[in-house]
Amino acid sequence: MILLSGVSKFYEVRGKGKRWILRDATAVIRPGDRLGILGRNGSGKSTLMRLLGGVEYPNQGRIERRMSVSWPLAHGIGVHGSLTGADNARFVARIYERPVEELVEAVNDFAELGDYMNMPVSTYSAGMMSRLLLGLSLAMDFDCYLIDEATSVGDQRFMERTQHILETKLRSRALVMVSHQPWHVRTFCQTAAILHEGRLTFFEELDEAIATYEAL
Amino acid sequence: MSATGWQFRRGDDSQNGMPRTLEGFRRQGKVIHALLMREMQTRFGRNQLGFLWLFLEPLLLAGAIATLKSTFDFGHSIPGVSMFVFALVSYLPYFTFRAIISRAPGTLRSNMTLLYHSRIKLLDVVLARHALEMTAVVTVMALIVVGVWIWADQPPSDIPILLTGIILLFLLAHGLGLLAAAASARWEIAERLIHPLVYLSLPLSGALVPLMAMDPIVRNMLLLNPQAHIHEMVREGFFGEALPSFYSTGFVLFWVAVVNLLGLAALRAVRPKLEF
């Protein structure tokens, strides 16, 4: 479970005072939840992900993580560009104390990077990067996955595989995804929220959320 | 368990008190080990010299300064103490001290993305980096000791004192480095000020002139700086009786504790304010 109680976050903008990302947000994310958060560019989606992942701290309120949470999965985040895919997998395995070579194997199986597993990550295309990131975090077996960019799920074939894994092996895991594209949320999520001008509004129905978002 | 708290390196099972603290230390050890492995890989990865450079850089700089000093013979000549070796032994610790403090802000900035992994703490990043610098300087110092022993037939006078001096130097630099990193993360201007300040501190550091050769009034003023004690300690370990030295280990330990505690507090204070 992730609990947000009265969470506020703002940035100081030079000469303009505070820019609010989140005002007094309260929410609960439970195991098995599939939550999509819709927001326009610059609405603070990535910041919200960093708050959930414990990377950034709120200005007010509390965020409690009562389950293991992945780092926010987005292009190039959590990996080192000059290291190979395999070395990145080894690094992540070491810090989270997982069996090293087993993890490399699992990532390789899932991401299907072939020879690119032994190439520096900086040479990867966006698609390869997303496969590596997802492969890494899925192999880590977190309780909750934070997907910061919808492109992080790759092309059609890969999206289907991801969906399949989420529906089978990771059925009891939570997924939080942010996007500005309603169809991403429709593909992966069961409930949705909208982040707009610092307000996080939850909806029971996906359709209702998407209709509201499109009317913004 | 709050996100604003610092005690976040906890296990999934809720242990309390000592076991939890021990678990925290164990995890920190794992994380630092992983960071060190990664640093080696990136250094080896870029080019083969990358790793060697860690040792060559201080050695070359110290060697160049030592050559200059002994060639032009400025400074004070002491019977039985080679000017070249003196400069080498004095400049190397100073170089390391300066490098650790002035690089600390950059280390923090360029490794911010590591903090996306919630197991990696701000302190771990700096600790791993400094552990590497420490290894480099101990290795280089050992090379100098062995070199001088073989070619000049001058064994170090007291290896434990020499080593204690280097470790204290490292700890002092580590604490100041934490302060420098935290200050730079908070105020942009701090990083610009740190470089000149560290350079200007050279005359006050007591690094390049033996305190014995100084006027007692100047000497006592320099001895207010713990750094001067450390340089004297390193020289004591190296030259022993040939060069009388002035230092107090207790005084250095006191300042090491002060800057390290302040450094840890500053890092903790600055962590929630970091923007990604």
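Residues numbered from 1 in each chain as written. Chains lettered and ligands numbered in written order. Predicted model: local features only at pLDDT ≥ 70, side-chain atom pairs only at ≥ 80, totals over all residues.

Enquirer: I'm lost on the pairing of strand β6 (residues 174-179) of chain A in this one. Help?
Expert: Each regular strand carries side chains that alternate between the two faces of the sheet. Residue and element names in this part refer to chain A. Counted residue by residue, β6 has six buried out of six residues, so it is predominantly covered. Both faces of β6 are covered, namely the face carrying A174, V176 and V178 and the face carrying L175, M177 and S179. In the sheet, strand β3 (residues 34-38) pairs with β6 via five bridges, with the strands oriented parallel. Across the sheet, R34 pairs through a bridge with L175, a residue of β6. Across four bridges, the pairing between strand β5 (residues 144-147) and β6 is parallel. Across the sheet, Y145 pairs through a bridge with L175, a residue of β6. (Buried ≥ 20, exposed ≤ 12 C-beta atoms within 10 Å, placed from the backbone. Helix = DSSP H or I, 4+ residues; strand = E, 2+ residues; numbered from the N terminus. Pairing = 2+ DSSP bridges.)

Enquirer: Explain the sheet that holds strand β7 (residues 191-196) of chain A here, please?
Expert: Residues and elements named next belong to chain A. Across the sheet, which stays open at both edges, the five strands sit in the order β5-β6-β3-β7-β8 with mixed pairing between neighbours. Looking at strand neighbours, the two that pair on one side only are β5 and β8 (199-203), the edges of this open sheet. Averaged over all pairs of adjacent strands, the angle between their axes in this sheet comes to 20°, without regard to strand direction. Looking at chain direction, β3 and β7 are connected through four bridges and run parallel. Considered in β7, the bridge of L38 is made with I194. Along the sheet face, helix α7 (residues 206-215) touches β3, β7 and β8 and points at about 20° away from the line of β7. (Axes fitted to C-alpha atoms, helices over the stretch in contact; angles between N-to-C directions. Contact = placed C-beta atoms within 7 Å.)

Enquirer: Which parts of the structure should I look at to understand the nonpolar core?
Expert: The nonpolar side chains of a soluble globular protein tend to be buried, and buried together. Within the largest apolar cluster, 126 residues are counted, with the highest numbers of intra-cluster contacts made by A:L132, A:V176 and B:L172. Looking at this core, the element that brings in the most residues is helix α5 (residues 159-186) of chain B, giving 16 residues. Once residues lying within four places of it in the same chain are set aside, the contact partners of A:L132 are A:V79, A:G85, A:V107, A:A111, A:L113, A:V121 and A:Y124. (Core = buried A, V, L, I, M, F, W, Y, C linked by C-beta atoms within 7 Å.)

Enquirer: Would you take a moment to explain the packing of helix α3 (residues 83-110) of chain B against helix α4 (residues 122-151) of chain B for this structure?
Expert: The geometry of a pair of packed helices is captured by two quantities: the angle between their axes and the separation between those axes. Residue and element names in this part refer to chain B. Look at α3 against α4: their axes get within 11 Å of each other, and the N-to-C directions meet at 170°. Judged on the interaxial angle alone, α4 and α3 are roughly antiparallel. Packed against α3, whose contacting residues are V85, L88, V89, L92, T96, A99, I100, A104, T107 and L108, the element α4 presents V125, V126, R129, H130, E133, V137, V140, M141, I144 and V148 at the interface. In terms of residue class, the contact of α3 with α4 is made up of 15 nonpolar, three polar and two charged. (Parallel < 35°, antiparallel > 145°, perpendicular 65-115°, else oblique. Nonpolar A, V, L, I, M, F, W, Y, C, P; charged D, E, K, R; others polar.)

Enquirer: I would appreciate a short explanation of the interface of chain B and chain A in the present structure.
Expert: Interface size is commonly expressed as the accessible area that is lost once the parts come together. Taken residue by residue, the interface counts 26 residues in chain B and 25 residues in chain A. Its residues placed into classes, the side of chain B that touches chain A shows eleven nonpolar, nine polar and six charged.

Enquirer: Sorry, what's going on with the environment of B:I32 here?
Expert: All names here are of chain B. Inspection of the secondary structure puts I32 in helix α1 (residues 17-46). On the neighbour-count criterion, I32 (20 C-beta atoms within 10 Å) is buried. In sequence terms I32 and A131 are 99 residues apart; their C-alpha atoms lie 9.2 Å from each other. Beyond its immediate sequence surroundings of up to four residues, I32 is in contact with D124, L127, A128 and A131.

Enquirer: What's the story with helix α1 (residues 45-52) of chain A in this structure? I'm lost.
Expert: Residue and element names in this part refer to chain A. Within α1, eight of the eight residues are buried, which leaves the element mostly enclosed by the surrounding structure. Of the positions making up α1, those classed as buried are K45, S46, T47, L48, M49, R50, L51 and L52. At the exit of α1 stands G54, carrying a positive phi of roughly 75°.

Enquirer: It is not clear to me how the pairing of strand β1 (residues 2-13) of chain A should be interpreted in this structure. Could you clarify?
Expert: Residue and element names in this part refer to chain A. In this sheet, strand β2 (residues 17-29) lies alongside β1 in antiparallel orientation, the contact comprising nine bridges. Directly across from E12, in β2, lies its bridge partner K18. The turn linking β1 back onto β2 is made up of three residues, and G15 within it adopts a positive phi angle of 75°. Where β1 meets strand β4 (residues 60-65), five bridges bridge the pair, whose relative direction is antiparallel. Bridge pairing links S5 to R62 in β4.

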